[in-house]
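What follows is the residue order along each chain.
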Amino acid sequence: MQKVLENIFPLQRPLIHCITNGITKELVANALLYVGAKPIMAEDQREIESVIQVSSALLLNIGHLTEQKEACIIKAAKLANKAQKPLVVDAVGIVGLSNRLALVQRLLDIGVTVVKGNISEMRRLAGLKSSAKGVDSAKEDQSTMELKDLAHALRKLAKTYPQTVFLATGEQDLILTDSNCFCLKNGVDSLELFTGTGDVVGALITGVLGNGIEPLEATIGAITYFNVCGEKASKVLQQGMESFRIETCNQLSKLYKENWQEMLKMEDWTNEEVR
Ligand SMILES: Nc1ncnc2c1ncn2[C@@H]1O[C@H](COP(=O)(O)OP(=O)(O)O)[C@@H](O)[C@H]1O
Ligand SMILES: Cc1ncsc1CCOP(=O)(O)O
Ligand SMILES: [Mg+2]
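Residues numbered from 1 in each chain as written. Chains lettered and ligands numbered in written order. Predicted model: local features only at pLDDT ≥ 70, side-chain atom pairs only at ≥ 80, totals over all residues. Heavy atoms only, no water.

As recorded in an unreviewed UniProt entry, the chain goes by Hydroxyethylthiazole kinase and comes from Granulicatella elegans ATCC 700633. Under the UniProt heading Function (unreviewed entry), the entry covering the chain gives this text: "Catalyzes the phosphorylation of the hydroxyl group of 4-methyl-5-beta-hydroxyethylthiazole (THZ)." UniProt, in its Pathway (unreviewed entry) section for the chain, records the words "Cofactor biosynthesis; thiamine diphosphate biosynthesis; 4-methyl-5-(2-phosphoethyl)-thiazole from 5-(2-hydroxyethyl)-4-methylthiazole: step 1/1." (UniProt positions renumbered as here; feature names shortened; annotations may be inferred.)

This part takes up the site of ligand 2. In the region of ligand 2, the neighbouring residues are Asn21, Ile23, Thr24, Gly63, Val92, Val135, Thr195, Gly196, Thr197, Gly198 and Asp199. Measuring from an oxygen atom of ligand 2, one finds a backbone N or O atom of Gly198 at 2.9 Å. A distance of 2.7 Å separates an oxygen atom of ligand 2 from a polar atom in the backbone of Asp199. If ligand 2 stood free it would expose 370 Å²; the protein chains cover 80% of that surface. The residue makeup of the shell around ligand 2, split by class, is three nonpolar, seven polar and one charged. (Near = heavy atom within 4 Å. Polar contact = N/O pair within 3.5 Å; in protein donor to acceptor, adjacent residues only side chain to side chain. Areas by Shrake-Rupley, 256 points an atom, 1.4 Å probe, with all protein chains shown as cover. Nonpolar A, V, L, I, M, F, W, Y, C, P; charged D, E, K, R; others polar.)

Attention now goes to unusual backbone geometry. In this structure, the amide linkage connecting Phe9 to the following residue, Pro10, adopts the cis form with an omega of 0°. Within the secondary structure, Pro10 sits in the loop between α1 (2-5) and β1 (15-19). The phi dihedral of Arg13 falls on the positive side, at around 55°, and the residue is not glycine. Position of Arg13 among the secondary structure elements: in the loop between α1 and β1. Judged by relative accessible area, Arg13 falls into the exposed class, the value being 56%. A positive phi angle, close to 55°, is found at Gln84, a residue other than glycine. Looking at the secondary structure, you find Gln84 in the loop between α4 (67-82) and β4 (87-90). (Helix = DSSP H or I, 4+ residues; strand = E, 2+ residues; numbered from the N terminus. Buried < 20%, exposed > 50% of the residue type's maximum accessible area, 1.4 Å probe, protein only.)

In the neighbourhood of ligand 1, 18 residues make up the surrounding shell, with Asn118, Thr169, Asp173, Glu192 and Asn227 lying closest. A distance of 3.3 Å separates an oxygen atom of ligand 1 from a polar backbone atom of Gly170. Between ligand 1 and Asp189, the relevant distance is 3.1 Å, taken from a nitrogen atom to a side-chain nitrogen or oxygen of the residue. Breaking the shell around ligand 1 down by element, the ones donating at least two residues are α8 (197-210) and α9 (215-233). For the shell around ligand 1, the class distribution of residues is six nonpolar, eight polar and four charged.

As structure tokens, then:
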């Protein structure tokens, strides 16, 4: 797997169409630029068809919704499938909001290349209880036992949607397809402590997909690259969280010059027994 990750970054300027939330939009756009992609944030119904035609991949992040935006997201998903463009869905905030859960389920039925969320969000998608509130994960959802339950439940979902990769992020990240399950262990706790880290991961996955990399490798490569950026940035933590955020972003534009893929910490849980 390390060999595959070796040359993923920098990207070769794929145009990435982002329909995302206003809270982290600027961070997402810059993160894509830092790794060699070209973001375009466009969500007006009149223009999305033209943008999808010229883009390499589409990110749908449901962090901030209106009825109009939801209609645009559904239209964009259908158009991306018709144009055979990779499509990433970030299931932000589905734990306590049934309208958002229903939207992600509808998008899965339309066709999604990678669906992601934090562990609490992905528990909700998989039909498991979650005690999270808002858009952050609950610690209680992240024990090894709970992770194994989530892996089992997402594996079932992956069999229903064999063309989709499922990613649950947290202290440990789970990546599920209909035939594989991987547990990734890179990153640092502070990556939970500034807004937009999950959104950036979704954008990086979309950028790598837009560069023509297969979905499983794109998902593993993007989240590992981002998490190693966080590991490198932890050297400035004593200066405060804003310095950590800035340094994490600095690393996005520099890390590809190093052998970052050698830092990959990944376990194959494909044949793990589930309780
Ligand atoms: N405690 C942690 N230790 C290491 N990495 C973490 C931790 N929490 C989150 N991450 C990493 O930070 C990124 C965002 O994950 P998460 O915080 O779960 O998403 P969200 O921001 O959507 O809630 C992911 O790359 C994840 O691997
Ligand atoms: C705070 C907030 N509220 C709606 S979207 C958003 C940003 C969430 O970003 P992430 O999921 O990457 O933490
Ligand atoms: Mg998130």
